[in-house]
Amino acid sequence: MLTISNYVKAKTLEEAYELNQARSSRVMGGMMWMRLGNARVKTVIDLSGLGLDQIEESDNVIRIGAMCTLRQIEECEALREMYGDGIAESVRHIVGVQFRNQATVGGSIYGRFGFSDVLTAFLALDTFVELYDGGTIRLSEFVNRKPDKDILLSVIVRKSKRKFRYESIRQTKTDFPVIACSVVTGMVHGKETWYFSVGARPMKAALLEKQWEIPADASEDMIADYARQAASEFAYGTNMRGSAEYRRHLAEVLIRREMASILAEGK
Amino acid sequence: MEIQFVLNQKQVTAEAAADTVLLDVLRGLGCKSVKCGCETTNCGLCTVWIDGKSRLSCSVLAASVEGHEVTTLEGVEKEATEFGAFLAGEGAEQCGFCSPGFIMNVLAMFRELEDPGIDQIKEYLAGNLCRCTGYMGQLRAIQKYMQAKAEKNSGQPGEEAGAR
Ligand SMILES: Cc1cc2nc3c(=O)[nH]c(=O)nc-3n(C[C@H](O)[C@H](O)[C@H](O)COP(=O)(O)OP(=O)(O)OC[C@H]3O[C@@H](n4cnc5c(N)ncnc54)[C@H](O)[C@@H]3O)c2cc1C
Ligand code: FES
Ligand code: FES
């Protein structure tokens, strides 16, 4: 059970950060996950008055405030225009609209949950996170850091010509994914680069980068070989939702479909 | 602590501890339509609107709604009764326990989506669980309600209240 002694709606980021340095303090996002845990929280810090609930688009980046809800990114035109339906696809299976009107991007990324669709999707897009104390770092670095007392301010997605696909498999609608896979391609330093992110393995999402030049008219067998290779480079585990072997198989299938869909678009 | 917010268009004041959830405060204020089905953000029974958006009151800290607008089924009674007649007409209620949260989310959907198709409806309502029915009655009720509204708006005769 979660118990909270004090609720503070922070007036400044500085105040929020200072309050959060106490061991028994917690920053709250949408509270959806935190409320299900067991903890005695002395002070819960509400960030909702600090303007972190905006998605801002500039020439080079889309900056998503930590307090933006999953529903906001699901409906964000700027993300859709840049990367198609991938981001919406990554969140639309998460519980229900009411839930997504409340769960935040900050809580989802900060939590670094193994099952996270959100983390899987943003990791593939080579995203950055902006921290109050720790500056701006790559999400791929943040994901492997131990949770600390910093505050996540925003998630920054670069705008560049990339193709993005996202797919997950669930045993039943609204459940956690059995596996979540995302594939992104684009030019990096003049070379075609493929990024693969696989989450809910059930370990948290990890990223794989490959400089593969695959012709748009690659045969089905060729795409299947690449997909098999990519899927085999991740580790998988077993839990109540599926065995490691089943997950590896699903990852290979989803990666193959996503690669084929990207290549078909390039034809 | 004392919290002040607008409940069903009336300014209200309530006492709440730091970890009191909105659901308990609303029931304390007499909104007994708001029910707890799971307490784990899965069932949608506790759905209310905060600033016009569907949210799960079992997981909202009451303190965080200070200064916001909350709407429960009691605040949209006329519309809820109208739609409820269509639910009853399609045999979509058995125990009826899921109906308040379901109706709140259906009404939110009508405000957000214009003429939603069947897949959009299913997706919008995926977070509202019903343990008695197979959802088919609810889907029929929604479609017939939308049809009746469209006919009413275009001046054509239609089923005014869905109950047959
Ligand atoms: C029943 C249920 C089903 C779910 N299903 C899925 C699913 O299928 N796929 C999926 O991807 N996710 C799923 N999730 C996770 C969900 O999408 C959110 O990621 C999760 O609830 C955390 O977001 P939140 O806003 O609720 O954060 P909270 O619960 O408020 O916070 C989570 C953690 O992050 C910290 N935190 C929050 N914001 C910040 C910040 N700005 N800076 C620093 N720390 C911060 C909090 O202190 C806490 O430790 C599910 C969650 C639940 C409860
Ligand atoms: S009681 Fe809130 S979602 Fe079930
Ligand atoms: S009618 Fe009984 S839970 Fe829906």
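Reference entry: report on the structure contained in this document. Since the structure is predicted, the reported quantities are computational estimates derived from the model, not experimental observations.

## Examining the overall build of chain A
Then, in step 1: The secondary structure content of chain A amounts to 10 helices and 12 strands.
Then, in step 2: Its C-alpha atoms put chain A at 60 × 45 × 30 Å along the principal axes.
Then, in step 3: Within chain A, buried positions represent 54% of all 267 residues.
Then, in step 4: Total accessible area computed for chain A in this model is approximately 12,000 Å², and 48% of it derives from carbon and sulfur atoms.
Then, in step 5: Here chain A holds 36 positive side-chain charges and 35 negative ones, and the gap between their average locations is 6 Å.

## As for the site of ligand 1
Residues and elements named next belong to chain A.
Then, in step 1: In the region of ligand 1, 36 residues are neighbours, and Val27, Gly30, Thr104, Ser108 and Asp117 sit closest.
Then, in step 2: Contacts to ligand 1 include Gly30, whose backbone N or O atom sits 2.7 Å from an oxygen atom.
Then, in step 3: Leu152 has a polar backbone atom sitting 2.9 Å from a nitrogen atom of ligand 1.
Then, in step 4: For ligand 1, whose accessible area on its own is 970 Å², the fraction buried by protein is 95%.

## Side note on the state of the cysteines
Then, in step 1: The final tally for this structure, using the stated rule, is zero disulfides over all chains.
Then, in step 2: Looking at the unpaired Cys31(B), the closest cysteine sulfur is the one in Cys46(B), lying at 14 Å.

## Details of the packing of aromatic side chains
Residues and elements named next belong to chain A.
Then, in step 1: A complete count under the given rule lists 15 aromatic pairs over all chains for this structure.
Then, in step 2: Ring centres of Trp33 and Phe115 lie 5.2 Å apart, and the angle between their planes is 45°; this geometry places the pair in the tilted category. With Trp33 in the loop between strand 2 (25-28) and strand 3 (39-46) and Phe115 in the loop between helix 6 (105-111) and helix 7 (117-124), the pair connects residues that are 82 residues apart, well separated along the chain.
Then, in step 3: For Trp33, a relative accessible area of 45% translates into the label partly exposed.
Then, in step 4: The exposure class assigned to Phe115 is partly exposed, which follows from its relative accessible area of 23%.

## Comments concerning the pairing of strand 3 (residues 47-50) of chain B
Along any regular strand the residues' side chains alternate between the sheet's two faces.
Residues and elements named next belong to chain B.
Then, in step 1: Here strand 3 shows no split at all, with Thr47 and Trp49 on one side and Val48 and Ile50 on the other all buried.
Then, in step 2: By the bridge criterion, four bridges tie strand 3 to strand 4 (residues 53-56) in an arrangement that is antiparallel. Pairing of Trp49 across the sheet is with Ser54, part of strand 4.
Then, in step 3: Here strand 3 hands over to strand 4 after two residues, with Asp51 in that stretch at a positive phi of 50°.
Then, in step 4: Bridging between strand 3 and strand 5 (residues 69-71) involves two bridges; their strand directions are antiparallel. Paired with Trp49 across the two strands is Thr71, which belongs to strand 5.

## Describing the pattern of salt bridges
Then, in step 1: If you walk through the whole model with that rule in mind, you get 27 salt bridges over all chains.
Then, in step 2: Asp117(A) is the partner of Arg170(A) in a salt bridge, and the nearest nitrogen-oxygen pair spans 2.7 Å. Of this pair, Arg170(A) sits in the loop between strand 9 (162-169) and strand 10 (179-188) while Asp117(A) is found in helix 7, placing the two residues 53 residues apart along the sequence. The pair formed by Arg170(A) and Asp117(A) is uniform in burial state, with each residue classed as buried.
Then, in step 3: For Glu79(B), the salt bridge identified is with Arg111(B), shortest N-O distance 2.8 Å. Residue Glu79(B) is found in helix 2 (residues 77-89), and its partner Arg111(B) is found in helix 3 (residues 99-112); the two are separated by 32 residues along the sequence.
Then, in step 4: Among the residues examined, Arg111(B) registers a relative accessible area of 46% and is labelled partly exposed.
Then, in step 5: Taken together, the salt bridges that share partners define one network made up of Arg71(A), Glu74(A), Glu75(A), Arg100(A) and Glu112(B).

Rules behind the numbers
- Within each chain, residues carry numbers counting from 1 in the order of the written sequence.
- The lettering of chains begins at A and the numbering of ligands begins at 1, in the order of writing.
- The predicted nature of this model means local features are confined to residues of pLDDT at least 70 and side-chain atom pairs, given and counted, to a pLDDT of 80 or more, with totals for whole chains, interfaces and linings taken over all residues.
- The basis for every side-chain value is the complete set of heavy atoms in the structure, and neither hydrogens nor water enter the calculation.
- Counting from the N terminus, the helices are DSSP H or I runs at least four residues long and the strands are E runs at least two residues long.
- Each residue is placed in one exposure class: buried if its accessible area under a 1.4 Å probe, protein chains only, is under 20% of its type's maximum, exposed if it is over 50%, and partly exposed if it falls in between.
- Per-residue and other accessible areas were derived by the Shrake-Rupley procedure at a 1.4 Å probe size, with only the shown protein chains allowed to occlude residues.
- Only four residue types enter the tally: Lys and Arg on the positive side, Asp and Glu on the negative side; His and the chain ends are excluded.
- Where a charge lies is defined by one atom per residue type: Lys uses NZ, Arg uses CZ, Asp uses CG and Glu uses CD.
- The nearness test applies per residue and asks whether one of its heavy atoms lies within 4 Å of the molecule or strand.
- Whenever two N or O atoms come within 3.5 Å, that pair is a polar contact, provided that in protein one can donate a hydrogen and the other can accept it, and provided that, for residues adjacent in sequence, both atoms are side-chain atoms.
- The disulfide criterion used throughout: a pair of cysteine sulfur atoms within 2.5 Å.
- For Phe, Tyr and Trp, where Trp contributes only its six-membered ring, two rings pair if their centres lie within 6.5 Å, and the inter-plane angle classes them as stacked under 30 degrees, edge-to-face over 60, or tilted in between.
- Two strands make a pair as long as DSSP finds a minimum of two bridges between them.
- A pair is scored as a salt bridge if a Lys or Arg side-chain nitrogen falls within 4 Å of a carboxyl oxygen belonging to Asp or Glu.

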